[in-house]
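# Fold and geometry: a report
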Amino acid sequence: MTKKYNLCYDVLTILACLMVVFFHCNSVIYNYSDTISWKISVIERCVVYSAIPIFFMLTGAKLMNYRQRYTTKEYAKKRLLRVGVPYLFWNLFYVVYGIVMPNGTKFSGITDFISKFLNSEFQGRYWFFWPLFMVYLVIPVISLVLQAENHRKYLWYLVYLTFGLCWVANPVMKILGIKPNSYMIVPVCAGFMMYVVFGYLVSTEVWSRKKRFVLYILAFVSGMFAVVYTIHRSGSAGNDMLGILSYEYFPSGLTGAAIFVFLKHLFENSKKLSSLKEDSKAVKLIRNVSGACMGVWLTHSLGILFVEYFFNMGINSYVFRFTYPPVVFLICVVAVLVLKKIPVLKYIV
(Lines give C-alpha, C1' and ligand atoms only; values in the text may rest on other atoms or scores of the structure.)
Protein backbone atom coordinates (compact mmCIF):
# COMPACT_ATOMS: atom_id res chain seq x y z
CA MET A 1 0.00 0.00 0.00
CA THR A 2 1.50 3.34 -1.07
CA LYS A 3 1.24 6.34 1.18
CA LYS A 4 -1.22 8.97 -0.02
CA TYR A 5 0.26 12.46 -0.07
CA ASN A 6 -1.27 14.80 2.49
CA LEU A 7 -0.61 18.50 1.80
CA CYS A 8 -2.01 19.49 5.20
CA TYR A 9 0.71 17.54 7.02
CA ASP A 10 3.41 19.41 5.15
CA VAL A 11 1.79 22.76 5.95
CA LEU A 12 1.49 21.78 9.63
CA THR A 13 5.15 20.73 9.65
CA ILE A 14 6.24 24.08 8.22
CA LEU A 15 4.00 25.99 10.64
CA ALA A 16 5.24 24.06 13.69
CA CYS A 17 8.89 24.48 12.66
CA LEU A 18 8.42 28.22 12.18
CA MET A 19 6.76 28.40 15.61
CA VAL A 20 9.84 26.72 17.12
CA VAL A 21 12.06 29.44 15.64
CA PHE A 22 9.72 32.12 17.04
CA PHE A 23 9.90 30.35 20.40
CA HIS A 24 13.70 30.47 20.50
CA CYS A 25 13.81 34.11 19.43
CA ASN A 26 11.65 35.04 22.42
CA SER A 27 14.15 35.22 25.27
CA VAL A 28 12.42 38.26 26.77
CA ILE A 29 10.04 36.01 28.66
CA TYR A 30 12.85 34.69 30.89
CA ASN A 31 13.48 38.16 32.35
CA TYR A 32 10.35 39.33 34.11
CA SER A 33 9.42 42.99 33.94
CA ASP A 34 6.10 44.70 34.43
CA THR A 35 6.03 45.92 30.84
CA ILE A 36 3.86 45.52 27.75
CA SER A 37 6.82 43.94 25.97
CA TRP A 38 7.12 41.16 28.54
CA LYS A 39 3.36 40.54 28.60
CA ILE A 40 3.31 40.24 24.81
CA SER A 41 6.13 37.71 25.10
CA VAL A 42 3.87 35.63 27.38
CA ILE A 43 1.08 35.68 24.79
CA GLU A 44 3.56 34.65 22.10
CA ARG A 45 4.89 31.82 24.27
CA CYS A 46 1.39 30.48 24.92
CA VAL A 47 0.77 30.25 21.16
CA VAL A 48 4.09 28.90 19.88
CA TYR A 49 4.43 26.43 22.78
CA SER A 50 1.95 24.23 20.91
CA ALA A 51 4.57 23.51 18.21
CA ILE A 52 5.92 20.46 20.06
CA PRO A 53 2.45 18.90 20.56
CA ILE A 54 1.78 19.45 16.84
CA PHE A 55 5.03 17.69 15.91
CA PHE A 56 4.08 14.64 17.97
CA MET A 57 0.53 14.64 16.58
CA LEU A 58 2.04 14.59 13.09
CA THR A 59 4.25 11.68 14.16
CA GLY A 60 1.17 9.71 15.13
CA ALA A 61 -0.74 10.69 12.00
CA LYS A 62 2.13 9.63 9.74
CA LEU A 63 3.60 6.60 11.51
CA MET A 64 1.03 4.80 13.66
CA ASN A 65 -0.23 2.86 10.65
CA TYR A 66 3.21 2.30 9.09
CA ARG A 67 2.54 -1.47 8.97
CA GLN A 68 0.19 -0.89 6.06
CA ARG A 69 3.12 0.40 3.96
CA TYR A 70 6.32 -1.35 5.05
CA THR A 71 7.88 -3.68 7.61
CA THR A 72 9.12 -2.74 11.05
CA LYS A 73 12.68 -3.24 9.83
CA GLU A 74 12.12 -0.68 7.07
CA TYR A 75 10.41 1.61 9.60
CA ALA A 76 13.48 1.49 11.86
CA LYS A 77 15.84 2.11 8.95
CA LYS A 78 13.85 5.12 7.75
CA ARG A 79 13.78 6.67 11.25
CA LEU A 80 17.50 6.07 11.71
CA LEU A 81 18.45 7.70 8.40
CA ARG A 82 15.89 10.49 8.56
CA VAL A 83 16.42 11.56 12.18
CA GLY A 84 19.05 9.49 13.96
CA VAL A 85 22.04 10.20 11.68
CA PRO A 86 21.42 13.98 11.38
CA TYR A 87 20.88 14.25 15.15
CA LEU A 88 24.13 12.40 15.88
CA PHE A 89 26.11 14.55 13.45
CA TRP A 90 24.86 17.88 14.78
CA ASN A 91 25.21 16.84 18.39
CA LEU A 92 28.85 15.96 17.72
CA PHE A 93 29.17 19.27 15.90
CA TYR A 94 28.20 21.07 19.10
CA VAL A 95 30.63 18.91 21.07
CA VAL A 96 33.43 20.23 18.85
CA TYR A 97 31.91 23.72 19.04
CA GLY A 98 32.12 23.50 22.82
CA ILE A 99 35.78 22.54 22.68
CA VAL A 100 36.76 25.30 20.24
CA MET A 101 34.58 28.19 21.36
CA PRO A 102 35.17 29.94 24.72
CA ASN A 103 31.44 30.03 25.50
CA GLY A 104 30.85 26.40 24.45
CA THR A 105 29.93 23.54 26.78
CA LYS A 106 33.00 21.62 27.97
CA PHE A 107 33.30 18.10 29.37
CA SER A 108 35.86 16.75 31.84
CA GLY A 109 35.90 13.06 30.95
CA ILE A 110 34.06 10.18 29.31
CA THR A 111 31.44 9.96 32.08
CA ASP A 112 30.79 13.69 31.95
CA PHE A 113 30.64 13.51 28.14
CA ILE A 114 28.04 10.73 28.17
CA SER A 115 26.00 12.51 30.82
CA LYS A 116 25.96 15.79 28.91
CA PHE A 117 25.29 14.02 25.61
CA LEU A 118 22.31 12.11 27.00
CA ASN A 119 20.91 15.27 28.59
CA SER A 120 21.41 17.48 25.51
CA GLU A 121 23.73 19.85 27.35
CA PHE A 122 25.94 20.47 24.33
CA GLN A 123 22.90 21.92 22.57
CA GLY A 124 19.96 22.34 24.93
CA ARG A 125 17.45 22.73 22.11
CA TYR A 126 18.02 19.13 21.09
CA TRP A 127 16.15 17.81 24.16
CA PHE A 128 13.19 17.27 21.80
CA PHE A 129 14.88 14.37 20.02
CA TRP A 130 15.10 12.09 23.06
CA PRO A 131 11.32 11.86 23.64
CA LEU A 132 10.97 11.58 19.85
CA PHE A 133 13.33 8.58 19.80
CA MET A 134 11.40 6.99 22.68
CA VAL A 135 8.17 7.45 20.75
CA TYR A 136 9.76 5.84 17.69
CA LEU A 137 10.69 2.83 19.83
CA VAL A 138 7.19 2.46 21.26
CA ILE A 139 5.18 2.93 18.06
CA PRO A 140 5.85 -0.64 16.76
CA VAL A 141 4.19 -1.98 19.92
CA ILE A 142 1.32 0.52 20.17
CA SER A 143 0.59 0.15 16.46
CA LEU A 144 -0.37 -3.49 17.04
CA VAL A 145 -3.49 -2.21 18.82
CA LEU A 146 -4.72 -1.04 15.40
CA GLN A 147 -5.30 -4.70 14.53
CA ALA A 148 -7.94 -5.04 17.26
CA GLU A 149 -11.58 -4.79 16.19
CA ASN A 150 -12.47 -1.93 18.55
CA HIS A 151 -9.03 -0.34 18.66
CA ARG A 152 -10.35 3.23 18.30
CA LYS A 153 -12.37 2.91 21.52
CA TYR A 154 -9.31 1.65 23.37
CA LEU A 155 -7.10 4.43 22.03
CA TRP A 156 -9.64 7.17 22.79
CA TYR A 157 -9.93 5.72 26.29
CA LEU A 158 -6.15 6.16 26.72
CA VAL A 159 -6.31 9.74 25.43
CA TYR A 160 -9.15 10.77 27.74
CA LEU A 161 -7.61 8.97 30.73
CA THR A 162 -4.19 10.59 30.22
CA PHE A 163 -5.68 14.00 29.56
CA GLY A 164 -7.85 13.89 32.69
CA LEU A 165 -5.38 12.37 35.16
CA CYS A 166 -2.14 13.95 33.96
CA TRP A 167 -2.77 16.94 31.75
CA VAL A 168 -5.60 18.47 33.78
CA ALA A 169 -5.33 17.08 37.32
CA ASN A 170 -1.60 17.82 37.73
CA PRO A 171 -1.67 21.52 36.74
CA VAL A 172 -4.90 22.07 38.71
CA MET A 173 -3.30 20.59 41.82
CA LYS A 174 -0.22 22.73 41.24
CA ILE A 175 -2.35 25.88 40.98
CA LEU A 176 -4.21 24.94 44.17
CA GLY A 177 -0.95 24.29 46.03
CA ILE A 178 -1.49 20.52 46.24
CA LYS A 179 1.54 18.29 45.75
CA PRO A 180 0.63 15.83 42.97
CA ASN A 181 1.42 12.13 43.23
CA SER A 182 4.28 11.46 40.78
CA TYR A 183 2.97 7.93 40.23
CA MET A 184 -0.37 9.18 38.96
CA ILE A 185 0.41 8.64 35.31
CA VAL A 186 -0.86 6.39 32.53
CA PRO A 187 2.30 4.36 31.69
CA VAL A 188 1.25 3.17 28.23
CA CYS A 189 0.30 6.69 27.11
CA ALA A 190 2.41 8.93 29.33
CA GLY A 191 4.35 11.99 28.24
CA PHE A 192 4.18 12.86 24.56
CA MET A 193 2.71 9.49 23.58
CA MET A 194 -0.79 10.86 24.12
CA TYR A 195 -0.22 13.38 21.33
CA VAL A 196 0.94 10.57 19.04
CA VAL A 197 -2.21 8.54 19.69
CA PHE A 198 -4.41 11.64 19.39
CA GLY A 199 -2.76 12.60 16.10
CA TYR A 200 -3.47 9.17 14.64
CA LEU A 201 -7.09 9.16 15.79
CA VAL A 202 -7.86 12.66 14.50
CA SER A 203 -6.14 12.00 11.18
CA THR A 204 -8.37 9.00 10.51
CA GLU A 205 -11.79 10.44 11.33
CA VAL A 206 -14.01 13.40 10.55
CA TRP A 207 -15.20 15.62 13.38
CA SER A 208 -18.56 17.33 13.36
CA ARG A 209 -18.68 21.11 13.35
CA LYS A 210 -20.06 21.09 16.89
CA LYS A 211 -17.26 18.90 18.18
CA ARG A 212 -14.63 21.11 16.54
CA PHE A 213 -16.26 24.25 17.95
CA VAL A 214 -16.09 22.81 21.48
CA LEU A 215 -12.36 22.07 21.03
CA TYR A 216 -11.67 25.58 19.71
CA ILE A 217 -13.50 27.18 22.65
CA LEU A 218 -11.64 25.00 25.16
CA ALA A 219 -8.32 25.84 23.51
CA PHE A 220 -9.06 29.58 23.51
CA VAL A 221 -10.21 29.60 27.15
CA SER A 222 -7.26 27.51 28.34
CA GLY A 223 -4.85 29.72 26.39
CA MET A 224 -6.32 32.88 27.89
CA PHE A 225 -6.14 31.30 31.33
CA ALA A 226 -2.45 30.45 30.82
CA VAL A 227 -1.69 34.05 29.78
CA VAL A 228 -3.61 35.64 32.65
CA TYR A 229 -2.31 33.18 35.23
CA THR A 230 1.33 33.58 34.14
CA ILE A 231 1.18 37.37 34.08
CA HIS A 232 -0.68 37.57 37.40
CA ARG A 233 1.53 35.10 39.26
CA SER A 234 4.69 36.62 37.82
CA GLY A 235 3.58 40.03 39.02
CA SER A 236 2.83 38.65 42.48
CA ALA A 237 6.10 36.74 42.77
CA GLY A 238 8.23 39.39 41.10
CA ASN A 239 9.63 36.95 38.55
CA ASP A 240 8.38 34.75 35.76
CA MET A 241 6.12 31.84 36.66
CA LEU A 242 6.17 29.70 33.53
CA GLY A 243 5.27 26.37 35.14
CA ILE A 244 1.73 26.32 33.75
CA LEU A 245 3.19 26.46 30.23
CA SER A 246 4.37 22.86 30.33
CA TYR A 247 4.08 20.67 27.24
CA GLU A 248 2.26 18.15 29.40
CA TYR A 249 -0.43 20.54 30.68
CA PHE A 250 -3.75 21.32 29.06
CA PRO A 251 -3.06 24.87 27.72
CA SER A 252 -0.39 23.91 25.19
CA GLY A 253 -2.01 20.54 24.52
CA LEU A 254 -5.43 21.97 23.70
CA THR A 255 -3.93 24.78 21.61
CA GLY A 256 -1.90 22.29 19.58
CA ALA A 257 -4.91 20.01 19.15
CA ALA A 258 -7.08 22.94 18.00
CA ILE A 259 -4.53 24.03 15.38
CA PHE A 260 -4.11 20.45 14.16
CA VAL A 261 -7.85 19.79 13.88
CA PHE A 262 -8.60 23.22 12.36
CA LEU A 263 -6.06 22.90 9.55
CA LYS A 264 -6.95 19.26 8.87
CA HIS A 265 -10.63 20.06 8.35
CA LEU A 266 -9.84 23.30 6.53
CA PHE A 267 -7.80 21.42 3.92
CA GLU A 268 -10.47 18.75 3.62
CA ASN A 269 -13.40 21.15 3.20
CA SER A 270 -11.94 24.16 1.38
CA LYS A 271 -12.27 23.97 -2.41
CA LYS A 272 -9.45 26.48 -2.89
CA LEU A 273 -7.06 24.50 -0.73
CA SER A 274 -8.14 21.26 -2.38
CA SER A 275 -7.38 22.74 -5.78
CA LEU A 276 -3.93 23.71 -4.49
CA LYS A 277 -3.02 20.03 -4.74
CA GLU A 278 -3.37 20.35 -8.50
CA ASP A 279 -0.78 23.14 -8.62
CA SER A 280 2.38 21.11 -9.13
CA LYS A 281 4.73 24.05 -8.54
CA ALA A 282 3.07 25.04 -5.26
CA VAL A 283 3.00 21.44 -4.04
CA LYS A 284 6.67 20.96 -4.95
CA LEU A 285 7.64 24.12 -3.05
CA ILE A 286 5.65 23.10 0.03
CA ARG A 287 7.06 19.57 -0.03
CA ASN A 288 10.62 20.84 -0.36
CA VAL A 289 10.24 23.30 2.53
CA SER A 290 8.53 20.67 4.68
CA GLY A 291 11.28 18.17 3.86
CA ALA A 292 13.85 20.71 5.03
CA CYS A 293 12.20 21.27 8.42
CA MET A 294 14.12 18.54 10.24
CA GLY A 295 17.33 20.21 9.06
CA VAL A 296 15.95 23.58 10.15
CA TRP A 297 15.27 22.14 13.61
CA LEU A 298 18.90 21.04 13.80
CA THR A 299 20.48 24.23 12.41
CA HIS A 300 18.23 27.12 13.41
CA SER A 301 20.32 27.89 16.51
CA LEU A 302 23.20 28.68 14.14
CA GLY A 303 20.80 30.72 12.04
CA ILE A 304 19.82 32.80 15.06
CA LEU A 305 23.50 33.42 15.90
CA PHE A 306 24.11 34.42 12.29
CA VAL A 307 21.26 36.95 12.33
CA GLU A 308 22.28 38.35 15.72
CA TYR A 309 25.87 38.81 14.56
CA PHE A 310 25.30 40.34 11.12
CA PHE A 311 22.25 42.47 11.90
CA ASN A 312 23.35 43.52 15.40
CA MET A 313 19.78 43.76 16.63
CA GLY A 314 18.89 43.66 20.32
CA ILE A 315 17.12 40.40 21.14
CA ASN A 316 14.54 42.28 23.23
CA SER A 317 13.34 44.41 20.33
CA TYR A 318 10.01 43.75 18.61
CA VAL A 319 11.79 43.70 15.27
CA PHE A 320 14.03 40.84 16.37
CA ARG A 321 11.23 38.85 18.00
CA PHE A 322 8.69 39.11 15.19
CA THR A 323 10.64 39.87 12.00
CA TYR A 324 13.81 37.83 12.38
CA PRO A 325 12.26 34.37 12.99
CA PRO A 326 10.94 34.16 9.39
CA VAL A 327 14.36 35.41 8.18
CA VAL A 328 16.16 32.74 10.23
CA PHE A 329 13.71 30.11 8.99
CA LEU A 330 14.24 31.12 5.35
CA ILE A 331 18.04 31.17 5.70
CA CYS A 332 18.01 27.70 7.25
CA VAL A 333 15.62 26.30 4.64
CA VAL A 334 17.85 27.52 1.81
CA ALA A 335 20.98 26.17 3.54
CA VAL A 336 19.34 22.77 4.14
CA LEU A 337 18.06 22.49 0.56
CA VAL A 338 21.57 23.26 -0.71
CA LEU A 339 23.08 20.60 1.57
CA LYS A 340 20.49 18.10 0.32
CA LYS A 341 21.93 18.50 -3.17
CA ILE A 342 25.45 17.52 -2.05
CA PRO A 343 26.39 13.81 -1.84
CA VAL A 344 27.05 12.54 1.71
CA LEU A 345 26.11 15.91 3.25
CA LYS A 346 22.48 15.29 2.30
CA TYR A 347 22.34 12.67 5.06
CA ILE A 348 23.05 15.19 7.84
CA VAL A 349 19.90 17.24 7.22
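Given the structure is predicted, the values throughout are model-derived calculations rather than measurements.

So, how was this worked out
- Residues numbered from 1 in each chain as written.
- Predicted model: local features only at pLDDT ≥ 70, side-chain atom pairs only at ≥ 80, totals over all residues.
- Heavy atoms only, no water.
- 1 Å grid on protein atoms, 1.4 Å probe; cavity = no way out; pocket = protein on both sides within 12 Å on 5 of 7 lines; lining within 4 Å.
- Points joined across faces, edges and corners; volume = space filled by probe spheres on them.
- Helix = DSSP H or I, 4+ residues; strand = E, 2+ residues; numbered from the N terminus.
- Nonpolar A, V, L, I, M, F, W, Y, C, P; charged D, E, K, R; others polar.
- Core = buried A, V, L, I, M, F, W, Y, C linked by side-chain atoms within 4.5 Å.
- Buried < 20%, exposed > 50% of the residue type's maximum accessible area, 1.4 Å probe, protein only.
- Contact = heavy atoms within 4.5 Å.
- Axes fitted to C-alpha atoms, helices over the stretch in contact; angles between N-to-C directions.
- Parallel < 35°, antiparallel > 145°, perpendicular 65-115°, else oblique.
- Left-handed = near helix turned anticlockwise from the far one by under 90°.
- Arc of directions from axis to C-beta.
- Expected span 1.5 Å × (residues − 1).
- Bend = angle between axes of the 7 residues up to and from the residue.
- Phe/Tyr/Trp six-rings, centres within 6.5 Å; stacked < 30°, edge-to-face > 60°.
- Polar contact = N/O pair within 3.5 Å; in protein donor to acceptor, adjacent residues only side chain to side chain.

### Some remarks on empty space enclosed by the protein
- Across all of its chains, the model carries one cavity of 30 Å³ or more by this definition.
- Considered as a void within the structure, the largest cavity measures approximately 50 Å³ in volume.
- What lines the largest cavity is simply Cys-46, Tyr-49, Gly-223, Ala-226, Ile-244, Leu-245, Pro-251, Ser-252 and Thr-255.
- The leading source of residues in the lining of the largest cavity is helix H10 (residues 250-269), at three residues.
- Split into classes, the residues belonging to the lining of the largest cavity amount to six nonpolar, three polar and no charged.

### Comments concerning the nonpolar core
- Residues Phe-56, Phe-129, Phe-198 and Phe-329 are the most contacted members of the largest nonpolar core, which totals 106 residues.
- Filtering out sequence-adjacent residues up to four positions away, Phe-56 remains in contact with Phe-128, Pro-131, Leu-132, Val-135, Phe-192, Tyr-195 and Val-196.

### Details of the packing of helix H3 (residues 51-63) against helix H8 (residues 193-203)
- Across the interface, H3 lies against H8 with an axial gap of 6 Å and an inter-helix angle of 60°. On the basis of their axis angle, the class for H3 and H8 is oblique. Between H3 and H8 lies a crossing of right-handed hand. In contact with Pro-53, Phe-56, Met-57, Gly-60 and Ala-61 of H3, H8 contributes Tyr-195, Val-196, Phe-198, Gly-199, Tyr-200 and Ser-203.

### Looking at helix H5 (residues 110-118)
- Among the residues of H5, those classed as buried are Phe-113, Lys-116 and Phe-117. Looking down the long axis of H5, one finds its buried residues gathered within 100° of arc, a one-sided arrangement.
- Buried positions along H5 lie against helix H4 (72-100) and helix H6 (129-142).
- Directly after H5, the chain includes Ser-120, whose backbone phi takes a positive value near 55°.

### A look at helix H13 (residues 293-311)
- The end-to-end C-alpha distance of H13, which contains 19 residues, comes to just 24 Å, noticeably less than the 27 Å that a straight helix rising 1.5 Å per residue would cover.
- At Thr-299, H13 shows its largest bend, some 55°.
- Taken together, the buried positions of H13 are Cys-293, Met-294, Gly-295, Val-296, Trp-297, Leu-298, Thr-299, His-300, Ser-301, Gly-303, Ile-304 and Val-307.
- Buried residues in H13 make contact with helix H1 (7-24), H3, H4, H6, helix H12 (280-291) and helix H14 (318-339).
- Downstream of H13 by a residue or two, Asn-312 has a phi angle that is positive, lying close to 50°.

### A closer look at the packing of aromatic side chains
- Under the definition given, this model contains 44 aromatic pairs.
- Between Tyr-87 and Phe-117, the ring centres sit 6.3 Å apart and the planes meet at 65°, which makes this aromatic pair edge-to-face. With Tyr-87 in helix H4 and Phe-117 in helix H5, the pair connects residues that are 30 residues apart, well separated along the chain.
- The exposure class of Phe-117 is buried, given its relative accessible area of 14%.

### Remarks on the environment of His-24
- Tracing the backbone through its elements, the reader meets His-24 in helix H1.
- Along the backbone, His-24 and Arg-45 are 21 residues apart, and their C-alpha atoms lie at a distance of 9.7 Å.
- In this view, His-24 contacts Arg-125, His-300 and Ile-304; residues no more than four positions away in its chain are not counted.

### Quick look at the side chain of Glu-205
- If you trace the backbone, Glu-205 turns up in the loop between H8 and helix H9 (209-237).
- We classify Glu-205 as buried; its relative accessible area is 17%.
- The residues contacting Glu-205, other than those within four sequence positions of it, are Arg-152, Trp-156, Lys-211 and Lys-264.

### Observations regarding the environment of Thr-204
- Within the element layout of this structure, Thr-204 appears in the loop between H8 and H9.
- Residue classification places Thr-204 among the partly exposed positions, given a relative accessible area of 38%.
- Each C-alpha atom, one on Thr-204 and one on Ile-331, is 35 Å from the other, the two residues being 127 residues apart in sequence.
- A distance of 3.2 Å separates a polar side-chain atom of Thr-204 from the backbone oxygen of Leu-201.

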